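# Chains, contacts and geometry: an overview
Residues per chain are reported as follows:
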Amino acid sequence: MSKWFRENAPISARDLTEEFMRLKRGSVTRRHFLGVTGLGLAAAVLARQPGLFNSAAYAQEDLGSTMSLATWPNYHDPATFEAFTAATGVAVEVNVFGSNEEMLAKLQAGGTGWDLFVPTNYTISTYVSLGLIDPIDLTKVPNFDPKTQNTRFTNEGTVDGKVFALPKNWGTTGIAFNSDKVKSPVTSWKDFFEVAMTEADGRAMVHDYQLTTIGNALVSLGFSFNSVKPEELAKAEELLIKVKPHLYAINSDYQPSMRASDAWMTMCWTNDGAQLNRDIPEIQFVLGTDGGEIWSDFYAVPTSAANKPAGYALLNFLMDPQNAVKEHVANGAPTTDSRVLSLLPAEITGNKIVYPDEASLTPLEFGAAVTLTDPARAELMARFKSA
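So, here's what we can say about the structure. Just so we're clear, the structure is a prediction, and the values are computed from it rather than from any experiment. (Residues numbered from 1 in each chain as written. Predicted model: local features only at pLDDT ≥ 70, side-chain atom pairs only at ≥ 80, totals over all residues. Heavy atoms only, no water.)

The subject of this paragraph is the overall build of the protein. Within the protein, the secondary structure is distributed over 20 helices and 11 strands. Out of the 387 residues in the protein, the part that is buried amounts to 54%. Relative to all contacts within the protein whose residues are 6 or more apart in sequence, the contacts with residues 24 or more apart total 75%. (Helix = DSSP H or I, 4+ residues; strand = E, 2+ residues; numbered from the N terminus. Buried < 20%, exposed > 50% of the residue type's maximum accessible area, 1.4 Å probe, protein only. Contact = heavy atoms within 4.5 Å.)

Tallied over the entire structure, the rule returns nine salt bridges. Note that Glu194 is salt-bridged to Lys190, the shortest N-O span being 2.8 Å. In this pair, Glu194 and Lys190 are both assigned in helix H9 (residues 189–196), four residues apart and thus about one turn of the helix distant. A relative accessible area of 38% places Glu194 in the partly exposed class. Residue classification places Lys190 among the partly exposed residues on the basis of a relative accessible area of 45%. (Salt bridge = Lys/Arg side-chain N within 4 Å of Asp/Glu carboxyl O.)

Here we come to the sheet that holds strand E2 (residues 91–96). The strand order across the open sheet built from three strands is E2-E1-E3, with neighbouring strands paired in parallel fashion. This sheet does not close on itself; its edge strands, each paired only once, are E2 and strand E3 (116–117). In this structure, strand E1 (residues 66–71) lies alongside E3, joined through two bridges in parallel fashion. Counted as the bridge partner of Ala70 is Phe117 from E3. (Pairing = 2+ DSSP bridges.)

It is worth spelling out unusual backbone geometry at this point. Of note, the phi angle at Asn74 is positive, near 55°, even though the residue is not glycine. Its place among the elements puts Asn74 in the loop between E1 and helix H5 (78–88). Here Asn74 falls in the partly exposed class, since its relative accessible area comes to 31%. Despite not being glycine, Ser261 shows a phi value in the positive range, around 65°. With respect to the helices and strands, the residue Ser261 is situated in the loop between helix H12 (255–259) and strand E9 (265–269). Take Ser261: its relative accessible area is 26%, and that puts it in the partly exposed class.

Structure below.
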């Protein structure tokens, strides 16, 4: 035992060991452990205990016992949060949403309790302008390395020179269909809506999300995914009202219905397409040859967050390539980080659902900020859902 330890330890080495084991078993809180051992000593000890805390920084700030994350369906490996809890003692409450509009409305209403959430690229400038998210304090996220990021997918996290969001992953919005049930060709959004009203009558799903449902209807008619032109929106609405009686459901959490074969075809995000195809190979995933969406998702810290230290701790944990790679293997969405890409197995990096060729990506559009707050699109979606 060092001379410093003998002279400065507030409790005996034996008692320290016992308290440490109680913490590992979950018998005491992290707050209790730091209190009875002394903060400085605890930080020194914990920094030498791999697997208990991901970083010595966790021992320097009270993280509390719980935190809240707002995210998307089927978007994380539960083991990630279990590992974070084991490392920090902080349990993660996961709140699932189906659209960015829903997330925005919740934040504007206040009192969400979220400490971290997952907005999509086109929404970040709006969150910034409304004062709903904080600039990211990069000193609290040492695992993030901007030099290893693919800026094609990450630029929208920076607004007016300040970083407000860190990248989670990118992806596309395509069409998933059960090839045992649907025999007609489905290679475009024009095909999607036609098949939804014929061979897949009563078995097709669209998102409960105006960006993609309206956007893909626009694309099927030869218009931009992001159009807010009244005459083009009117034609998209006409199509959506026409297809609605033929739909199985309007729901952004479509995996259960596709897996049960209650639905045969759905609008589908990359990660869901990869998961469905991995588990049920007859469920295929295609990108519309006529266009559609390419997107990137980020992590952001709400200004109203109650437990920002835990939000940052989870963010830093998720930016560690060794943790992130497990998320990508389970999740199926492509990474923006070259460090993570180098760790992924070839069966994932070579999967055309996850990493499509450039020719398939060329017709796709990133969502535009105007679509989040455009009242005409919001009203169109409301009329479609209530029709």
